[in-house]
Amino acid sequence: MYTLRAVDPRRTYPRFAIASLLGNVAFLGSWGVLLTRPPGWLVVGVILLVAFVVLRVGGMWLYASRQTEDIPRVRRAAIFTTVLAVVAVGLWVYTALRGPRVVL
């Protein structure tokens, strides 16, 4: 038999899902830049990290602010996303500082 499941509310807002995906891609790109360290890697890496935070965290908080149902769950998810993003950016910065030194 079929059971009724609640539709994932993110599917009703595909722009938020796309922003989240692009944020994840920006984060992966920043790690690629960090590990390969091409010329200008620091600028490009920071730009990609900012894009990650704006798209992923900003998009999640915008999504949470527009919800009318199940507000506590969505806010907890936004807080969890923010904490994970802070840890991820901290790990990126730690890796950038502990890696090979760049002479400008």
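Quick caveat, the model's predicted, so the values are computed rather than measured.

The rules behind the values
Residues numbered from 1 in each chain as written. Predicted model: local features only at pLDDT ≥ 70, side-chain atom pairs only at ≥ 80, totals over all residues. Heavy atoms only, no water. Helix = DSSP H or I, 4+ residues; strand = E, 2+ residues; numbered from the N terminus. Contact = heavy atoms within 4.5 Å. Expected span 1.5 Å × (residues − 1). Axes fitted to C-alpha atoms, helices over the stretch in contact; angles between N-to-C directions. Parallel < 35°, antiparallel > 145°, perpendicular 65-115°, else oblique. Left-handed = near helix turned anticlockwise from the far one by under 90°.

Participant: Would you explain the environment of A78 in this entry?
Facilitator: Position of A78 relative to the elements: it lies in helix α3 (residues 71-98). Taking the C-alpha atoms as reference points, A78 and G58, separated by 20 residues in sequence, lie 9.1 Å from one another. Look past the residues within four positions of A78 in its chain and what remains in contact with it is M60, W61 and A64.

Participant: It is not clear to me how helix α1 (residues 14-36) should be interpreted in this structure. Could you clarify?
Facilitator: Since the α-helix advances by 3.6 residues per turn, residues separated by three or four positions end up pointing in the same direction. With 23 residues, α1 extends 33 Å from end C-alpha to end C-alpha; this agrees with the ideal 33 Å at 1.5 Å per step. Residues of α1 that are buried in the fold lie against α2 (41-66) and α3. R37 sits one or two positions beyond α1 and adopts a positive phi of about 50°.

Participant: In this structure, what is going on with unusual backbone geometry? I would like to understand it.
Facilitator: Across residues other than glycine, the phi torsion is negative in most instances, and most of the peptide bonds are trans. Unusually for a residue other than glycine, R37 sits at a positive phi of about 50°. Within the secondary structure layout, R37 lies in the loop between α1 and α2.

Participant: How do you make sense of the side chain of S20 when you look at a structure like this?
Facilitator: Of note, S20 is situated in helix α1. Among residues more than four places away in sequence, those in contact with S20 are L55 and R56.

Participant: In this structure, what is going on with the packing of α1 against α2? I would like to understand it.
Facilitator: Direction vectors running N to C along α1 and α2 enclose 155°, while the axes themselves pass 8 Å from each other. With respect to α2, the axis of α1 lies roughly antiparallel. Between α1 and α2 lies a crossing of left-handed hand.

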